[in-house]
Amino acid sequence: MKEYLKNSDEVLKELSSDVSGLSNEEAEKRLNENGKNKLAEGKKETMIMRFLKQLAEPMTIILIVAALISGVLAIVEREFPTDVIIIMAVVLINAVLGVVQESKAEAALEALEKIAAATSKVIRNGHQITIKSEDLVVGDIIVLEAGDAVPADARIIECASLKIEEAALTGESVPVDKKEGILEANKDGDVPLGDRKNMVFMGSTVVYGRGKAVVTGTGMNTEMGKIADALTNAQEGKTPLQRKLGQLSKILTYLVIGICVVVFGINIIRALATGGLVDFNMVLDTFMVAISLAVAAIPEGLATVVTIVLSIGVTNMSKRNAIIRKLTAVETLGCTQIICSDKTGTLTQNKMTVVEHFGCDEKLLAIGMSLCSDAEFDIDAKTAIGEPTECALVNYAEKLELSKNEQKNVYPRIGEVPFDSMRKMMSTVHNKNGEIIQFTKGAPDEILKRCVNVYENGQIVALTDDKREEILSANKNMADRALRVLALGFKNLANDNLEYTSEALENELCFVGLVGMIDPVRPEVKPAIDECRSAGIRPIMITGDHKDTAVAIAMQLGIIDSAEQAITGAELDNISDEDFDSFVEKYSVYARVQPEHKTRIVNAWRKKGMVTAMTGDGVNDAPSIKNADIGVGMGITGTDVTKNVADMILTDDNFATIFSAVGEGRRIYDNIRKAIQFLLASNLSEVLAIFFATIIGFSIFKPVHLLFINLITDCLPALSLGMENPEGDIMKRKPRDSKEGIFAGGLGFGVVYQGILVTIITLVSYFIGAYVLADLHHAEAIANGTYSAEMLGSSMAFLTLSMAEIFHSFNMRSLNKSIFTMKKQNWWLWGAGAVSLLLTTLVIEIPFFASAFELAHLDLLEYGIAMGLAICVIPVVEIIKLITNLIRKNKK
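All values derive from a computational prediction rather than experimental measurement.

### Considerations on the nonpolar core
Nonpolar side chains in soluble globular proteins tend to be buried together. Core analysis: the biggest nonpolar cluster contains 124 residues, and Ile-559, Met-648, Phe-655, Ile-700 and Phe-701 have the highest contact counts within it. Counting residues per element, this core draws most heavily on helix α25 (residues 655-696), at 16 residues.

Rendered as structure tokens:
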């Protein structure tokens, strides 16, 4: 059906719909028959494919090959393939964990997508409601306003100055003027897609005006659906931190492989130097140690841990009204230095109420204000629905018993010039029993410029200079008390040749009066702003309101302490970019701004090297949100356009939520750094222990020992550190430098000395076991060949290294502070420690596992010494923390 070649009534009839919309029952029936209004999604990888991808990792393949070689040798020598079973078990467990972690991260992102699902305004059962866009069906009547994303293909049935940006579909960069009438077909009996001016299409955006349309196609049956096969779902890019860690892992891989080659070479050379035979078994054993060392020492889980911690943090933020659309935003949040915030609805409650008026005829003022608005009074909800300021006007008229629902029957609207931020006004034209009357409402200074008369005592009289000054004085008096002020003008029009343009209508008006509204400050914002100061974050207010209003609210919130710290958009226009860049730090309040001013403000701060967050809700705010380091869209009042370019969406439009998200961003980054330091120090200790043991001339660990430590004492504590609560001073620190590297702030020093510390403790444990306790406790068994001193040394070193890493994970709860000063406990970490201790003890003490792992049973003294050495990592790190803090304090 070529809807664009038919009139709207005919289209409605063919779709079995009408202007009052479908019933809920009919909509549900059509949804079940035709499916969701969604484009077909790309095929997702199956669990088996994900599992095989995990096994396809280069280091895992090497380990599998080594296990197969070992298995073949065990079969040839008719031995039980213990190593093979344990190595393959570890490989499979790692692969399963990888798949589970990947699935959890994907599930978290899918949950967030559902929370942030696009919505549409539709008319059902004669009432306007908001539903998920995916629930739209053919025949639905959709309501379109500036800033909306068009959710489906539809035929326009009503519009006023409607302009649609269709670049995503047609490539046309200039917005298209839309109309309701029938189009004329070309010689081929059709109309090209870009010329179908009575149609709107999925994927396009309303940039101006308003309209209603009946849905003609959904999902894959839209013009966008026809080219869906050419579209690919954008995948979430890696964050800068993830990219840095990827590079680090590559460097470590090469480094460890180099060490493995050295270890392998030293063993071969030593065998040759001592006159020993370099047989196949010896080469294989050396090869297995080198390969397993590489796999155990490289922190393969590092990127996975970071991704999981980021995903958990993003999920936590969504529960606190901040939906993160890009993982990169989580890192950047912790660096935020400037927060540029809208006033209305973000710093205030967005519950505008008319509390004062100026003018001789309050009745005419209330009627005109309510009629010259798009808000409607909902009888069931007993309040107005629509834009907050307009709701206040409609509620004001309702309070005076001048219900808009009744007045619009007396004054039916026949035309309009919609509001835009350039004119700062809107006009509506009404027909009252053949008498044409126009109402224009907007900013008092703008309305007053277009007035030549004033309505007094039921008469239209000339607007004198004295009266103009009186009106301006009344406006200032209201604005000084933080009231938002709107003015109303009207004029009678001829009944013919009406042209609904600003130039034709918005002039020679008669001034009616002013209304003053208050939007109370959100009670939680003042404490949040005080905390911003403590956190080294500077709050900036940006508003379209009068300067006096903005200053009053800003001083109440503590954003400024002098009116000299405020500037208007008009004043900003008279300042060059160079001059503005030099003294942008002087201003914290911007009043009467245009959307393009926001971009200037963002760019000026960014040139200063400041990480800047910018909020916005209107379609024209998209450029400034995109330019900011953190673009923040409003979930309640925000348009689809701003939400689509935002890095973060506030579901409650609340400034305090931004601050809360910054705090969560800092916590997540802190925890990632803790996990990085823990994993790198642990892996370094393993590498150094093997390396020095090889240099000295003994074997400290078997391949299975390293694999067990890698799986149990690395992964679980690292993930638990990601769940750590924020440190007490996290929001009292200055924002970190966004350019700082991974090893900044002493992390590199910590990795090195802590890795060396655990290495020393492990080697000491080995020597005590092999050269002291073995002779004291097991001399007879060693003499008759039933016991090995080296096995006792390895067993004690194994227990010491495993538990030293667990104890060290508690050190990492704070990189700089004593763990004994932390008030809250990380029960996840306690759980990880308990599981690791239990499993390590079982491996040593249960004969079957001890035999498989080639470990010796430890008596109480041996066990106690190994554990005592392991716990030494806590007091040593505590002492070094104390010393470094004293040095840092003296430097300050």
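Don't stop here, the text continues.
### Description of helix α29 (residues 789-811)
Here α29 contains 23 residues, and its C-alpha end-to-end distance of 32 Å stays within 8% of the 33 Å for a straight helix at 1.5 Å per residue. Burial analysis of α29 places 21 of its 23 residues in the buried class, which makes it a mostly covered element.

### Topic: the environment of Asn-37
By the secondary structure assignment, Asn-37 is in the loop between α2 (24-34) and α3 (47-55). The buried category is assigned to Asn-37, whose relative accessible area is 6%. When the C-alpha positions of Asn-37 and Met-220 are compared, they lie 7.8 Å apart, and in sequence the two are 183 residues distant. If we ignore the near neighbours within four places in the chain, the residues touching Asn-37 are Ser-133, Glu-134, Leu-136, Pro-151, Ala-152, Met-202, Thr-218 and Gly-219. Polar contacts involving the side chain of Asn-37 include one to the main-chain amide nitrogen of Gly-219, which spans 2.7 Å.

### Remarks on the packing of α29 against helix α32 (residues 860-871)
Contact geometry of α29 with α32 gives a least axis separation of 8 Å together with a crossing angle of 40 degrees. The element α29 and its partner α32 pack so that their crossing is right-handed. On α32, the residues touching Leu-792, Met-796, Leu-799, Thr-800, Met-803, Ala-804 and Phe-807 of α29 are Glu-862, Tyr-863, Ile-865, Ala-866, Met-867, Leu-869, Ala-870 and Ile-871. Looking at side-chain class alone, the contact of α29 with α32 contains 13 nonpolar, 1 polar and 1 charged residues.

### Quick look at the sheet that holds strand β24 (residues 630-634)
Judged by pairing direction, the sheet is mixed, and its 8 strands sit side by side in the order β8-β25-β24-β23-β9-β20-β22-β21 without closing on themselves. For this open sheet the edge positions go to β8 (322-324) and β21 (566-568), each flanked by a neighbour on one side alone. Direction aside, the axes of adjacent strands within the sheet are offset by 20 degrees on average. Two elements, strand β20 (residues 538-542) and strand β22 (residues 589-591), share 2 bridges in a ladder whose sense is parallel. Within the sheet, the bridge partner assigned to Ile-542 lies in β22 and is Tyr-590.

What counts, and where the lines are drawn
- Residues numbered from 1 in each chain as written.
- Predicted model: local features only at pLDDT ≥ 70, side-chain atom pairs only at ≥ 80, totals over all residues.
- Heavy atoms only, no water.
- Core = buried A, V, L, I, M, F, W, Y, C linked by side-chain atoms within 4.5 Å.
- Buried < 20%, exposed > 50% of the residue type's maximum accessible area, 1.4 Å probe, protein only.
- Helix = DSSP H or I, 4+ residues; strand = E, 2+ residues; numbered from the N terminus.
- Expected span 1.5 Å × (residues − 1).
- Contact = heavy atoms within 4.5 Å.
- Polar contact = N/O pair within 3.5 Å; in protein donor to acceptor, adjacent residues only side chain to side chain.
- Axes fitted to C-alpha atoms, helices over the stretch in contact; angles between N-to-C directions.
- Left-handed = near helix turned anticlockwise from the far one by under 90°.
- Nonpolar A, V, L, I, M, F, W, Y, C, P; charged D, E, K, R; others polar.
- Pairing = 2+ DSSP bridges.

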